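# Structural characterization, general
Below, each chain spelled out in residue letters.
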Amino acid sequence: MDHGVVRVLVIEDETRLADALAWGLRADGYAVDVTGNGAVGLEQAMTQPYDAVILDIMLPGLNGYRVCAELRRSGVDTPILMLTAKNGEHDEAEALDTGADDYLSKPFAWVVLTARLRALLRRAPSTRSPKIEVGELVIDPARRACHRAGQEIRLTAKEFTVLECLARQAGYVVSKTEILDRVWDGAYQGDSNVIEVYVSALRRKIDVPFGCRTIDTVRGVGYRLLADA
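Being a predicted model, the structure only gives us computed values, none of them experimental. (Residues numbered from 1 in each chain as written. Predicted model: local features only at pLDDT ≥ 70, side-chain atom pairs only at ≥ 80, totals over all residues. Heavy atoms only, no water.)

### A closer look at the nonpolar core
Among the nonpolar cores identified, the biggest contains 24 residues, and Leu137, Leu163, Ile179, Ile215 and Leu225 are the most heavily contacted of them. The element that contributes the greatest number of residues to this core is helix α6 (residues 157–167), accounting for 6 residues. Those residues within four positions of leucine 137 in sequence are excluded, and the remaining contacts are Ile132, Cys146, His147, Arg148, Ile153, Leu163, Ile206 and Leu225. Counting residues in hydrophobic clusters, the runner-up holds 20 residues, among them Ala45, Leu55, Cys68 and Ala100. (Core = buried A, V, L, I, M, F, W, Y, C linked by side-chain atoms within 4.5 Å. Buried < 20%, exposed > 50% of the residue type's maximum accessible area, 1.4 Å probe, protein only. Helix = DSSP H or I, 4+ residues; strand = E, 2+ residues; numbered from the N terminus. Contact = heavy atoms within 4.5 Å.)

### Side note on the sheet that holds strand β8 (residues 145–148)
Strand pairs in the sheet, formed through backbone hydrogen bonds, run parallel or antiparallel to each other. Spatial strand order, β6-β7-β8-β9: 4 strands in an open sheet with antiparallel pairing. Each edge of the open sheet carries a strand with a single partner, namely β6 (132–134) and β9 (151–152). As paired strands, strand β7 (residues 137–140) and β8 are joined by 4 bridges and run antiparallel to one another. In the sheet register, isoleucine 139 faces β8, and the bridge partner there is cysteine 146. Together, β6, β7 and β8 form the strand contacts of α6, whose direction differs from that of β7 by roughly 110°. (Pairing = 2+ DSSP bridges. Axes fitted to C-alpha atoms, helices over the stretch in contact; angles between N-to-C directions.)

### Concerning unusual backbone geometry
A cis amide bond links lysine 106 to the next residue, proline 107, at an omega of -10°. At alanine 149, a residue that is not glycine, the phi angle is positive and equals roughly 50°. On the secondary structure map, alanine 149 appears in the loop between β8 and β9.

### Details of the environment of glutamate 70
For glutamate 70, the position within the fold is in helix α3 (residues 64–73). Distance from glutamate 70 to glycine 99, taken between C-alpha atoms, is 9.3 Å for residues 29 residues apart in sequence. A polar contact is formed between the side chain of glutamate 70 and the side chain of arginine 73, at a distance of 2.9 Å. (Polar contact = N/O pair within 3.5 Å; in protein donor to acceptor, adjacent residues only side chain to side chain.)

### A few points about the pattern of salt bridges
A full pass over the atoms with the stated rule returns 12 salt bridges. Residue arginine 72 is joined to aspartate 101 by a salt bridge in which the shortest nitrogen-to-oxygen separation is 2.8 Å. One end of the pair, arginine 72, is in helix α3; the other, aspartate 101, is in the loop between α4 (89–97) and β5 (102–105), with 29 residues separating them in the sequence. Exposure remark for aspartate 101: the relative accessible area of 35% places this residue in the partly exposed category. The closest approach of N and O atoms between aspartate 207 and arginine 148, which form a salt bridge, is 3.2 Å. (Salt bridge = Lys/Arg side-chain N within 4 Å of Asp/Glu carboxyl O.)

Purely geometric stuff here, so don't read any function into it on its own.
Here is the structure:
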């Protein structure tokens, strides 16, 4: 990896194992965050730029399969190494089917885990989503970064995800329903007008300072991202 410290998220509720993983990875020079809850881990992986995720299957909140599937459904392509509790072919198959890049059965040797992790990190640059360019606006999903005319635009996690949703279908109308489905989880029961709040915030950041109007409102339908209108 060539962009500084490598950040790894460990989602593991077995405290002794989680602590051992964190200690060993930090000793190897990685920056490590740890959580023992699936729902919390999902939120962290969705909103923070990790280089890899080590994910256990059996977790409170959400199990590892659901965490992995939701990350992939949301377009997060961070490499995932899933830890399976037993040598079951079904566990391993389901891990891969839900979007994991690799799996490791417990108990495992430390040297094997670190070798698998290094392999995932080597492959990551070519498998990550490419940058999305809409006129002078550049969205980088891998780094969760946004630039316009070479100037960095700082966005919150939700703002970035809304913008990415529009950018992936630039030139086409994206309905409010589709934005809700992609950016908020299925349990969201709030008002769809929340999207207007985030679109307004995006306009203040990506359009107003540059004298542009690139997010077009299509009344009664949704929004469309245009190239430097």
